[in-house]
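Residues per chain are reported as follows:
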Amino acid sequence: LLGHKEETEVRFGRIHLNLATRTVQGPRGSHVLPPKLCALLHLMLTNGDEIISRKTIMGSVWETDYLKDTRTIDVHVRWLREKIEDDPANPTRIVTVRGVGYRFEG
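Everything numeric here is computed off the predicted structure, so don't read it as measured data.

Enquirer: Pulling in residues and values, what's your account of the nonpolar core?
Expert: Here is a general trend for soluble globular proteins: nonpolar side chains tend to be buried in one another's company. Judged by nonpolar contacts, the single largest core of 26 residues is most densely connected at Leu41, Ile57 and Phe104. Of all elements in the fold, only strand S1 (9-12), strand S2 (15-18), helix H2 (35-46), helix H3 (54-61), helix H4 (71-84) and strand S7 (101-104) reach the threshold of two or more residues within this core. In terms of residues, this core owes the most to one element, H2, which gives seven residues. What Leu41 contacts, discounting residues up to four positions off in sequence, is Ile15, Leu17, Val24, Leu33, Leu80, Ile84 and Phe104.

Right, here's the structure in full:
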């Protein structure tokens with residue numbers, strides 16, 4: 001479980017995620033996230049500016065290697081964008097890398 005303070009909080013740029021409470025704070029305020037959204041954001045924050053493949057996302061967040069229907073990733077990314085992007089329709093933090101996955105930019 002989450003034993004140390006540094007393991008319960010992740011910051012990247014203006015985004016602060018508290019894993020213990022599953023709360024994200026950013027430019028659009030504070031939001032409590034469902035478990036999968038929290039896991040997805042945690043994965044993105046801890047990988048910084050690196051591209052995260054859809055396969056990695058499915059394996060880390062959904063604990064599966066099933067890649068036939070990854071629309072669920074797109075939906076969860078949209079929900080995250082609504083919580084942390086200044087303008088969710090024109091994202092600058094969670095950037096789509098066509099044909100590969102996503103990258104979180106601080």
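What follows continues from the structure just given.
Enquirer: Can you explain unusual backbone geometry? Please cite residues and give values.
Expert: One non-glycine residue, Arg22, lies in positive phi territory at about 55°. Mapped onto the secondary structure, Arg22 falls in the loop between S2 and strand S3 (23-26). By relative accessible area, Arg22 is classed as partly exposed at 32%. Its identity is not glycine, yet Glu63 carries a phi of approximately 50°, on the positive side. If you trace the backbone, Glu63 turns up in the loop between H3 and H4.

About the criteria used
Residues numbered from 1 in each chain as written. Predicted model: local features only at pLDDT ≥ 70, side-chain atom pairs only at ≥ 80, totals over all residues. Heavy atoms only, no water. Core = buried A, V, L, I, M, F, W, Y, C linked by side-chain atoms within 4.5 Å. Buried < 20%, exposed > 50% of the residue type's maximum accessible area, 1.4 Å probe, protein only. Helix = DSSP H or I, 4+ residues; strand = E, 2+ residues; numbered from the N terminus. Contact = heavy atoms within 4.5 Å.

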